[in-house]
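What follows is each chain in one-letter form.
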Amino acid sequence: MDTLEEVSPVSRFRPTGEKNTSGFDPQTGIYHSLLQLGTNNKIPTTPYLDTATFVLSQFPKSDQAESRVALIDLATNQRATYGQLKRSIYSLATGLHHGLGIRKGDVVFLLSPNSILYPTICLAVFLIGGVLTTANPLNTKSEITKQVLDSGATLAVVAPGEEHKLVSTNVPILLTSRPSSGDELSVEELIDGCEPMELPETRSAQSNTAAILYSSGTTGVSKGVVLTHANFISVMTLLKWSVDNMSANNDVFLCFIPMFHIYGLAFFGLGLFCSGTTTVLMKKYEFQGMLEAIHTHKVNNIPAVPPVILSLVKHDGGGYDLSSLRRVGSGAAPLSKELVDRFRARFPWVALRPGYGLTESCGAATLFVSNEEAKTHLAGSGGLLPSFCAKVVDFETGVAMPPYKEGELWLKGPTVMKGYLGNEEATAATINSDGWLRTGDLCYFDEDGCLYVVDRIKELIKHNGYQVAPAELEAVLLSHPEILDAAVIPLEDEEAGEIPMAYVVRAAGCQLSEDQVIKFVASQVAPFKKVRKVSFINEIPKSAAGKILRKDLVAQSKQKLKSKL
Ligand SMILES: CC(C)(COP(=O)(O)OP(=O)(O)OC[C@H]1O[C@@H](n2cnc3c(N)ncnc32)[C@H](O)[C@@H]1OP(=O)(O)O)[C@@H](O)C(=O)NCCC(=O)NCCSC(=O)/C=C/c1ccc(O)cc1
């Protein structure tokens, strides 16, 4: 097996000894990206441009290129070429506009696992000026109802079997695929039945809202992150630039990360089509299925998350040939140096490239552009992408910190969200008047401008790369008649990164058990949010202002764990 030697046209980190290789400007306290977009990858500035028109303009052009396979469904082996994808997008846009009356600014709610139709739906909605809002199909009925109402959706596009979760919303439903029984209309029928017709000039401006994705932000419950066409067009341009840079244009990608989150949406729902790559699609992650896909389709590139990287390290290949793998990305949750070491030892021919991004930054803000950089900056998350700048701000003093000094990471760039939907207070707390996005992550940059995420300041648990907001689970716990008070904290877990643990104060004389508490919460939230451990306590530690002292509880749980070992 050959060891990967990458030739990168861009090397961010200059030879040691040179001055200011971090991009830090001591006058302003700002870190600037050390990279620039090439002349082929400029972010378009034309004011009237929507995400779909931009993505379609990047599709391969010749007849031969149109027959290139864009998507392969792993389970069914169904394929969609770039030519077919383009026709499907125009047919569905026609059906949505002329058939269902969707107009510019209408919000379309999409509830589906990954499917070959997913990118077509997203791009058709954008093409007619619609606004997309996506959700995890594992969410409960009440979580879904809340999102539909909050976003103001006027149409729900739903995978068969999930319709019951929308009954109380009274929003019309369009199924993704044909139902096995019944006569409900589906996306498949609209694609097959609609000849692409002239669509009215919707003339979406780059500044118009393209999508509302839900995230907990730095605190509290789920909020609608308003992302514009300009945000998506910028992120697509940066992704295309990074694929060009890695010479990954002929890579076969594997997709199991969900397209309902920004990571999967930016890569697989939209962005990679700008690079003409082929993607093998899994409806849902499954370890054996992933090995089979790599072996059968000679997969080269997997944008992944830490739990998947851990499973690759821990289990043997089961006889599958994994030699085609060239690049594995990591995002959505921290990747430890130890896991990076283990992965590199087990897969020396694979470039492991962690990146850092948020829903609020419409995807990646930092990335390693070469394997050499990644190898020499273990536990780092790469450097700022072109057009980004950052500050590392000390909490106490508000001073912007130089390399190796920790503080809250602030970001500025063309992909930073417009704000939280209908929530000026949360928006003002997250984006300041100069346009800096406060990430809620404790970070530092090194002398080479490489970012290291040290801890999370925001009150958020990361379970399998999904966000879980303690405040949301505490509200559920407090709704139990026998629970007087509760606090939820992250507990470290090798497999999932973190698991939610609850400290509960029971009402006097009640016999509520750990199992009963776990079941009570599980009945009301999506499976990835489940409380998985409960400890009973007499009083929740709080500050004088009544704020839960979560760090004390985290320390307490660690102490307890230590004493058990
Ligand atoms: C592949 C994972 C890691 C594992 O999948 P899984 O093992 O199938 O687990 P799930 O989390 O999907 O399933 C949760 C639970 O649902 C259960 N489940 C399953 N299907 C069912 C069913 N139909 N009914 C009911 N229960 C069920 C399932 O059994 C499981 O239950 P439990 O065992 O109790 O945890 C999956 O969690 C995953 O894709 N996580 C990634 C999430 C993600 O993309 N986050 C990104 C957020 S955005 C962001 O941070 C961006 C950063 C970024 C960074 C860098 C960049 O370059 C760009 C972007």
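Because the structure is a prediction, the values reported are computed rather than measured. (Residues numbered from 1 in each chain as written. Predicted model: local features only at pLDDT ≥ 70, side-chain atom pairs only at ≥ 80, totals over all residues. Heavy atoms only, no water.)

Trainee: So what exactly am I meant to see when it comes to the overall build of the protein chain here?
Mentor: The helix and strand tally for the protein chain stands at 16 helices and 27 strands. Taken over C-alpha atoms, the radius of gyration comes to 24 Å for the protein chain, in line with the 24 Å a tight globule of 565 residues would show. Taking the principal axes of the C-alpha coordinates as reference, the protein chain spans close to 70 × 65 × 55 Å. Buried residues in the protein chain amount to 58% of all 565 residues. Within the protein chain, residue pairs in contact and separated by at least 24 positions form 69% of the contacts whose partners lie at least 6 positions apart. (Helix = DSSP H or I, 4+ residues; strand = E, 2+ residues; numbered from the N terminus. Rg over C-alpha atoms; globule rule 2.2 N^0.38 Å. Buried < 20%, exposed > 50% of the residue type's maximum accessible area, 1.4 Å probe, protein only. Contact = heavy atoms within 4.5 Å.)

Trainee: What am I meant to see in the packing of helix α4 (residues 118-127) against helix α8 (residues 262-270) here?
Mentor: Relative orientation and spacing of two packed helices are given, respectively, by the angle between their axes and the distance between those axes. In the contact formed by α4 and α8, the axes pass within 9 Å of each other and the chain directions differ by 90 degrees. The angle between α4 and α8 places the two elements in the roughly perpendicular class. From α4, P119, C122, L123 and F126 reach across to α8, where they touch L265, F268, G269 and L270. (Axes fitted to C-alpha atoms, helices over the stretch in contact; angles between N-to-C directions. Parallel < 35°, antiparallel > 145°, perpendicular 65-115°, else oblique.)

Trainee: Before we go on, may I ask you to explain the UniProt feature "domain: AMP-dependent synthetase/ligase" (unreviewed entry) in the protein chain in this structure?
Mentor: The feature "domain: AMP-dependent synthetase/ligase" (unreviewed entry), as annotated in UniProt, sits at residues 64-421 in this numbering. The span residues 64-421 is 31% helix and 23% strand, and its two end C-alpha atoms sit 43 Å from each other. (UniProt positions renumbered as here; feature names shortened; annotations may be inferred.)

Trainee: Even after reading the chapter, I still don't get α8, so can you show me in this structure?
Mentor: An α-helical turn contains 3.6 residues, so any two residues separated by three or four positions project in the same direction. With respect to burial, α8 is a largely interior element, 8 of its 9 residues being buried. Among the residues of α8, I262, Y263, G264, L265, A266, F268, G269 and L270 are the ones counted as buried.

Trainee: Looking at this structure, how should I read the nonpolar core?
Mentor: The nonpolar side chains of a soluble globular protein tend to be buried, and buried together. Judged by nonpolar contacts, the single largest core of 126 residues is most densely connected at L96, F232 and L254. If you tally residues by element for this core, the top one is α4, at 8 residues. Non-local contacts of L96, meaning those with residues more than four positions away in its chain, are made with G101, I102, A124, V125, I128, L155, L174 and L190. One finds L37, W241, L358 and C443 within the second-largest nonpolar core, a separate group that totals 22 residues. (Core = buried A, V, L, I, M, F, W, Y, C linked by side-chain atoms within 4.5 Å.)

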